[in-house]
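Descriptive analysis of the structure
Here is how the chains run, residue by residue.
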Number of protein chains: 2
Amino acid sequence: MDKILDALRAIVGDAHVLTGGDLSAWELDWRKRARGKALAVVRPADTAQVAAVVSACAAAGVPMVPQGGNTGLVGGSTPDASGRQVVLSLQRMNAVRAIDSANLTMTVEAGCILQTLQETAEKAGLLFPLSLAAEGSCTIGGNLGSNAGGTQVVRYGNTRDLCLGLEVVTAQGEVWEGLSGLRKDNTGYDLRDLFIGSEGTLGIITAATMKLYPMPAAQLTAWAAVPSMEDAVTLLGLAHRHLGAGLTGFEVMGRFALSLVAKHFKQQRVPLYEDTAFCVLLENSDHESESHAREQFERLLETAMEDGCVTDAVVAENLQQAHQLWHVRESIPLAQAEEGLNIKHDISVPVSLIPEFVRVTDQLLAKAIPGVRLVNFGHLGDGNLHYNVQAPAEGDAAAFLREQEENVNALVYDSVQAFGGSISAEHGVGSLKLDKLEKHKSPVALSLMRAIKRGLDPENLMNPGRVLRI
Amino acid sequence: MDKILDALRAIVGDAHVLTGGDLSAWELDWRKRARGKALAVVRPADTAQVAAVVSACAAAGVPMVPQGGNTGLVGGSTPDASGRQVVLSLQRMNAVRAIDSANLTMTVEAGCILQTLQETAEKAGLLFPLSLAAEGSCTIGGNLGSNAGGTQVVRYGNTRDLCLGLEVVTAQGEVWEGLSGLRKDNTGYDLRDLFIGSEGTLGIITAATMKLYPMPAAQLTAWAAVPSMEDAVTLLGLAHRHLGAGLTGFEVMGRFALSLVAKHFKQQRVPLYEDTAFCVLLENSDHESESHAREQFERLLETAMEDGCVTDAVVAENLQQAHQLWHVRESIPLAQAEEGLNIKHDISVPVSLIPEFVRVTDQLLAKAIPGVRLVNFGHLGDGNLHYNVQAPAEGDAAAFLREQEENVNALVYDSVQAFGGSISAEHGVGSLKLDKLEKHKSPVALSLMRAIKRGLDPENLMNPGRVLRI
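What comes next concerns the included structure. All values derive from a computational prediction rather than experimental measurement.

**Points about the packing of aromatic side chains**
Residues and elements named next belong to chain A. Applying the stated rule across the entire model yields eight aromatic pairs over all chains. Look at Tyr156 and Tyr213: their rings are 4.7 Å apart centre to centre, the planes differ by 65°, and that puts the pair in the edge-to-face class. With a gap of 57 residues between them, Tyr156 in helix α6 (residues 153-156) and Tyr213 in strand β11 (residues 213-214) connect regions that are remote in the sequence. We note that Tyr156, like Tyr213, is buried. One aromatic cluster is present, built from ring pairs that chain together Phe357, Tyr387 and Phe419.

**Considering the relation of the copies chain B and chain A**
Once turned by 180° and shifted 0.0 Å along the axis, chain B lies on chain A with an RMSD of 0.0 Å. When the rotation and shift are considered jointly, the pair of chain copies conforms to a two-fold rotation axis.

**As for the interface of chain B and chain A**
Opposite the 81 residues of chain B that make contact, chain A presents 82 residues. Approximately 6200 Å² of surface area, both sides summed, lies buried where chain B meets chain A, with 59% of it carried by carbon and sulfur atoms. It is Lys184, Asn186 and Tyr189 of chain B that lose the most area in chain B upon contact with chain A, and together they represent 17% of the buried surface on that side. Run the count over chain B and chain A and you get six salt bridges. A salt bridge links Arg160 of chain B to Asp190 of chain A, with the shortest nitrogen-to-oxygen separation between them at 2.9 Å. Seen at the junction of chain B and chain A, the total is 45 residue pairs in polar contact (both at pLDDT 80 or more). At the level of elements, α6 (153-156), β9 (175-178), α7 (191-195), α8 (229-243), α10 (290-307) and α15 (443-456) of chain B are the ones that each hand at least two residues to the side of chain B that touches chain A. Per-element tally for the side of chain B that touches chain A: the top contributor is α15 of chain B, with nine residues.

**Looking at empty space enclosed by the protein**
Any empty space left between atoms is shown by rolling a water-sized probe over those atoms. For the structure shown, the criterion picks out one cavity of 30 Å³ or more. Volume-wise, the largest cavity comes out at about 30 Å³. The wall of the largest cavity is formed by Asp185, Asn186 and Gly188 of chain A together with Asn147, Arg160, Gly197 and Glu199 of chain B. Residue composition of the lining of the largest cavity, by class: no nonpolar, four polar and three charged.

**Section: α10 of chain B**
For α10 of chain B, built from 18 residues, the straight-helix expectation of 26 Å at 1.5 Å per residue is met to within 8% by its first-to-last C-alpha distance of 26 Å. Inspection of α10 of chain B places His292, Ala293, Arg294, Gln296, Phe297, Leu300, Leu301 and Ala304 of chain B among the buried residues, and these make up the whole buried set. Contact partners of the buried residues in α10 of chain B: α10 (290-307) of chain A together with β12 (218-226), α8, β14 (278-286) and β15 (312-315) of chain B. Immediately downstream of α10 of chain B, the backbone of Gly308 of chain B shows phi near 95°, a positive value.

Here is what the cut-offs are and how they apply
Residues numbered from 1 in each chain as written. Chains lettered and ligands numbered in written order. Predicted model: local features only at pLDDT ≥ 70, side-chain atom pairs only at ≥ 80, totals over all residues. Heavy atoms only, no water. Phe/Tyr/Trp six-rings, centres within 6.5 Å; stacked < 30°, edge-to-face > 60°. Helix = DSSP H or I, 4+ residues; strand = E, 2+ residues; numbered from the N terminus. Buried < 20%, exposed > 50% of the residue type's maximum accessible area, 1.4 Å probe, protein only. Least-squares fit on C-alpha atoms with pLDDT ≥ 70 in both. Contact = heavy atoms within 4.5 Å. Buried area = accessible area lost by both parts, 1.4 Å probe. Salt bridge = Lys/Arg side-chain N within 4 Å of Asp/Glu carboxyl O. Polar contact = N/O pair within 3.5 Å; in protein donor to acceptor, adjacent residues only side chain to side chain. 1 Å grid on protein atoms, 1.4 Å probe; cavity = no way out; pocket = protein on both sides within 12 Å on 5 of 7 lines; lining within 4 Å. Points joined across faces, edges and corners; volume = space filled by probe spheres on them. Nonpolar A, V, L, I, M, F, W, Y, C, P; charged D, E, K, R; others polar. Expected span 1.5 Å × (residues − 1).

Take a look at the structure:
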């Protein structure tokens, strides 16, 4: 083991091979569910160093765990407990290599913080639309590795859809120079999309060329009370028709989820939730003007109220009010934590089936666990719900989690599968959902995935034990 | 050989195993450059039959060439001359399986004609935006296999971007049931995008779930004279800012290309081309109203004329005029054929580098081949040019093609590579560009592609000799 450590020190310098002291920042996962033990944390400065580190590890048979901001939610970026895995942190590779306004692209290194991308684009008068809760600390490499989603997917797609090209260090320590500012390139297999979302199990993304968009002239936020999930889906259809590509956000929130925000964050004003089953947060991005955006929004909400799918609504008067509305939405996970232990899900089903899925699954859970409370919210525009299960108000929440987690997961995931859905919409598989994937993914898909993994990483040294077992 | 033919007849019925008569429709490629000889043309009726055909061929070691409308431009869907390959035609599998308006998706079989998808969507009040010259005869399976582009990519992306899920028969004759109406699904490797654009070399796409969009309230077309390619790029930037996602088409056409339409199709009126280096065709799709679309367009063109990047412009007054303008653009390839033999390219470079690429490559060609004439047009919004080379006006065009094609291709493709571009933007590789790919694609990319091909199709029976040599 000393030999590989010496080799790594020779590549990145002594100061960037960490083996002692508190390594929690790299060894403990974001949700604090798993603490691993690394052989070392290695922090290369550039692509050549990453390639050399991979080559050295490959030669020594040492497994590697690539890591960005370590904000993943499925235990995909922390080492296991063996003390044999090297954490390969990309954090020092955080340069914006180039911005090309005429081509609407930006080339960045994997360790760039998401917020840096947003700010760099904004300075050039452009928009980088990926936006999610961890944007102040997650890295674009991690976003790509996990194909992160977020709040603007309804218009701009997932991270995958925002990427034109990649630079990747392969499991053999070679560099695939696939950076590209091209919107069309049909010269062979789509390696880019294969690496995106592979959670570091096929190679290490070191840089990427990302798409930029014109900055909208105005962005308005509205908040609507809807009587049912069916009504929320109806409102979504109306919003697509009225706003077209202007619809950049569509979040649904259940009454209980909102009541937790009102209960635990008393300084926040939570509008309209008390007399309705669900509220919807809508965002309208307009390339013309704020007054045009407002007109469009008002016409949509009038139509929706005539239709009956909306019973009451407010449009934020200014940016501060808009931020407050979004802040309510973003506070749900925190309020849920304040309320106590809970079981989280990140699922998707076709938008058209969401109402039926929720009705059926709610009933199954209520029957299985009397008093269970559902914190239901999410990106309805993408068919993606964070369908979370809070322990009953009375009783021992820790015992509930211990005794019921497997049971609840099985019930929810079986229901998701019955509705043609996904058990991981935007968070990935990591180590957390490894067993679940074996159960819910088709054997043919798993066998195709294994053939690819064996072809690209025959020694199984790239983030082993994540995504799929070999 | 009789044994495998008997097996195929047993699966699909005698009437659907064609071995005699004129099989040109399946054996001759669209550009009439290559005539192959099939062992048989097999026309399965459903996915189970496709799987059985693949299993039978795999067991007998018989190579398969999947085929849709046989409109590909790179010789990817016709058999070689060996008489050993089975053409597996998907044309009988042409059902629209489902349309889900609330989810904005449509599930179709691979043999559906592209125009059928457009019309089916329209009947539901929705838009399926893929649009290209062969839409009346190409199939969605072929569009997916080749990741077809077309005229609306600037807004809606390539075929890849319009697909949510696939059903695929693997090289082992298994069915991957990956049809999905999900906009978010992070459960493992992106098999969908791996099969899309793989030109039938990894498996056979039998059905797909495609995205639909709200039908715009109005679609307007404008035609602008621009003094230079730099000005065309400036106009594109202005159009992005002014129209946002309303910009659904941006085509550039050189003066010589337009002069050929005027010369060979005298009944067509070609506007504004005589006194300018380039014309641009713009399309604005508006979800609000025609009058709003017109206002937006006029504001854009005013700004562009003040800036100087546009010297003159017309906005189509009605649908008929809009069709006439598009018809001029679509007539360029035909006018080019009328003019005589020519060498076609389908290349892309970053939009920002297009002016410099064109200047440099024009000069190189003019120097190498005195009198050479450039038919330059294409999807500038995507950085994709059909940079075609017409024989000099004087002399023997056939001799020119014979003597200069390799030379011209080498010069153009070397220049494309120097500008970080792609030698096949939207047509694919097929057999036509197999050698070119070996030369211009990075060895690391080729080696990753080979590892995938060997993993998924170890016997090399799926469309062998296309995309890459094993």
